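# Fold and contact review
Spelled out from the first residue to the last, the chains are:
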Amino acid sequence: MKLSLLHRLLSWAVTLLAVTAIVFLVLEILPGDPALVLLGPDAQPDTLAALRLQLGLDQPAYIRYGAWLAGMLHGDLGTSYTYGIPVTELIGSRLKVTIPLALLAMSLAIGLALVLGIYAASRHNRPGDYGVMAVTQIGVAIPSFWLGMLLILFFSLTLRWFSAGGFPGWEAGFWPAMRALLLPALALAVAQAAVLARVVRAALLDVLGEDFVRTARAKGLTRAQALRRHALRNALIPVATVIGLQFAHLLAGTIVIENVFSLPGLGRLIFQSINQRDLMVIKNVVVFLAAIVITVNFVVDLFYLAIDPRLRHAS
Amino acid sequence: MTTIAEPASEARRRIRLFRYPGLTVGGAIVATVVGATLLSLVWTPYSPLTMNMRQRFQGPSLAHIFGTDQFGRDVLSLLMVGAQNSLAVGIVAVAIGLAVGTALGLFAAARRGWVDEAVMRVCDFLFAFPAVLSAVMLAAALGPGTGNAMLAIGFYNIPIFARIARGAAKGVWVREFIYAARTAGKGAVRISLEHVLPNILNIIVVQATISFATAILAEAALSYLGLGTQPPAPSWGRMLHESQVFLSRAPYLSIFPGLIIVLTVLGLNLLGDGMRDALDPRHAQGR
């Protein structure tokens, strides 16, 4: 157990290091001259030279990479060229929007998926099941940003129940802030819920065929009782794994959705930083998002290890 | 004998086709989209790039089935030409993922041991970069464009194909005809190409269809963000981005491009699922 935990921890650390190396390579080496990227092709040579010195570009690449990593370990990600404030501060303030948005979307997705998946499994091969499967097929095919636009059109512009975008900030109160996040979260959640509902249904159908469920039925439990008391708990193991993996996609989805609803989160920050050529922000936010994806996968791995003793012995 | 046998087998084939409605419906949708795209290479109802300010914001009518946009351009013509871009990105992105991913998967399955472990760790690493994140990096380093969108979505597809190819290939490597081929003196590369690949091709083709659908969604999202296809080239995602400003004035500008994306992705997913059911009936029964 300890050995496999150590093995996974090492693998997590190596992957994280590789991510920083690739991000550095693509954003600092591939474009040729980061100073030129920042100032644009019309920049004056002396301005370029001054910026190169300020960014430490006169140093060899491996020293700059080392300094970046060392800074990261100390919580120093440098200063944004555009905003003039530390990148950690910038990321911290934007996370106050992105994390609640992702969590709300994930909760909505899980709630919807459980209802649809359990209903479909309990109506296996009947019209209700076919109906849910058809709905999930369509749900998977809808681009989240388009769904976001449709939600704005219906709930904001036609019914006027919600604002069409923007975020009042948590200072305005919990409910006004959550209200601003509800439509974007719903737009993000639908596709995830569609995928997850199929997993819930398939996992439940798998478990319903197991001997212990048959025994429960033989004891006199109805199909619905057996599903609720015995099958559901066992089916949640694969479902939890997929939830973990989907969180990564959801986080990437926030980049698009935050732009549809003009939410001041990490996604909007990274997008604005591209337009402003703020490489310092881009490289740190990309590493930050990739690190969350890797860490979530790592936690899913640990979760697997904790619940399945066979995996512990295998490794 | 032959004259009697032929209609019977034809009828059986038809029955087999209708046993998988997803295959038929998905195939029909995809054929229509591909047909319209090919047609747009030689003909569109109106010139997709010519502006006509007198005709701007015309709602759907017989003259303009999907209406006209803020520059008076015919939306149907724009959607037809935009499809060229979506399909091209999809084809190239899936080709990158399929070629590199399948090769990696076959390699890992053939060599096993630490090579297998290393390939899987590379896949874990690539999984850390969803397509949007890779596209953000490439756009920041090299500027936005269709090529970068293709690369970003292609990279995202590599670990998906690698894992599927590896899993399926491992199952083939333990079969008896592989032992026979090894006894005959064939090397790992020849066995992988001549015996393993043909046996896992079904799974790869099904995954390619499903990945194609994902690629179309990703391309639309990237173009919506301005990281994909650049104007004036029409693209579905870009059309949605431009239409958002006119959401209350001309909602049809947002509705039709979105519907076309949903229909295309739905068609590809149905086709992929239908193919999987037709090629592996056990899967269809299990669902």
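One structure accompanies this document, and this report is about it. (Residues numbered from 1 in each chain as written. Chains lettered and ligands numbered in written order. Predicted model: local features only at pLDDT ≥ 70, side-chain atom pairs only at ≥ 80, totals over all residues. Heavy atoms only, no water.)

## Re the packing of helix H6 (residues 146-173) of chain B against helix H8 (residues 188-225) of chain B
Residues and elements named next belong to chain B.
- Between H6 and H8, the least distance of the axes is 8 Å, while the angle of their chain directions is 145°. The crossing of H6 and H8 is right-handed.
- The class makeup of the residues in the contact of H6 with H8 is 21 nonpolar, 7 polar and 1 charged. (Axes fitted to C-alpha atoms, helices over the stretch in contact; angles between N-to-C directions. Helix = DSSP H or I, 4+ residues; strand = E, 2+ residues; numbered from the N terminus. Left-handed = near helix turned anticlockwise from the far one by under 90°. Nonpolar A, V, L, I, M, F, W, Y, C, P; charged D, E, K, R; others polar.)

## A few points about the side chain of His64 of chain B
- As for its position among the elements, His64 of chain B is in the loop between helix H2 (21-40) and helix H3 (75-111).
- Residues in contact with His64 of chain B, not counting those within four places in the same chain, are Tyr46, Gln55, Gly59 and Asp74 of chain B. (Contact = heavy atoms within 4.5 Å.)

## Overview of empty space enclosed by the protein
Residue and element names in this part refer to chain B.
- Counted according to the given criterion, the structure contains 3 cavities of 30 Å³ or more.
- Of the pockets and cavities examined, the largest cavity occupies roughly 80 Å³.
- Asp69, Gln70, Arg73, Val75, Leu78, Met239, Glu242, Ser243 and Leu253 together form the lining of the largest cavity.
- Elements with a minimum of two residues in the lining of the largest cavity: H3 and helix H9 (236-243).
- Here the lining of the largest cavity gets 3 residues from one element, more than from any other, and that element is H9.
- Here the lining of the largest cavity is composed, by residue class, of 4 nonpolar, 2 polar and 3 charged. (1 Å grid on protein atoms, 1.4 Å probe; cavity = no way out; pocket = protein on both sides within 12 Å on 5 of 7 lines; lining within 4 Å. Points joined across faces, edges and corners; volume = space filled by probe spheres on them.)

## Section: the packing of helix H6 (residues 127-141) of chain A against helix H8 (residues 174-208) of chain A
Residue and element names in this part refer to chain A.
- It is the contact of H6 with H8, at a shortest axis distance of 8 Å, that shows an interaxial angle of 140°. Classed by the angle they form, the pair H6 and H8 counts as oblique. In this structure, H6 meets H8 at a crossing whose hand is left-handed. Note on element contacts: H8 touches H6 through Val190, Ala191, Ala194, Val195, Ala197, Arg198 and Arg201, opposite Asp129, Met133, Thr136, Gln137, Gly139 and Val140.
- Its residues placed into classes, the contact of H6 with H8 shows 7 nonpolar, 3 polar and 3 charged. (Parallel < 35°, antiparallel > 145°, perpendicular 65-115°, else oblique.)

This is a description of form; function is not addressed.
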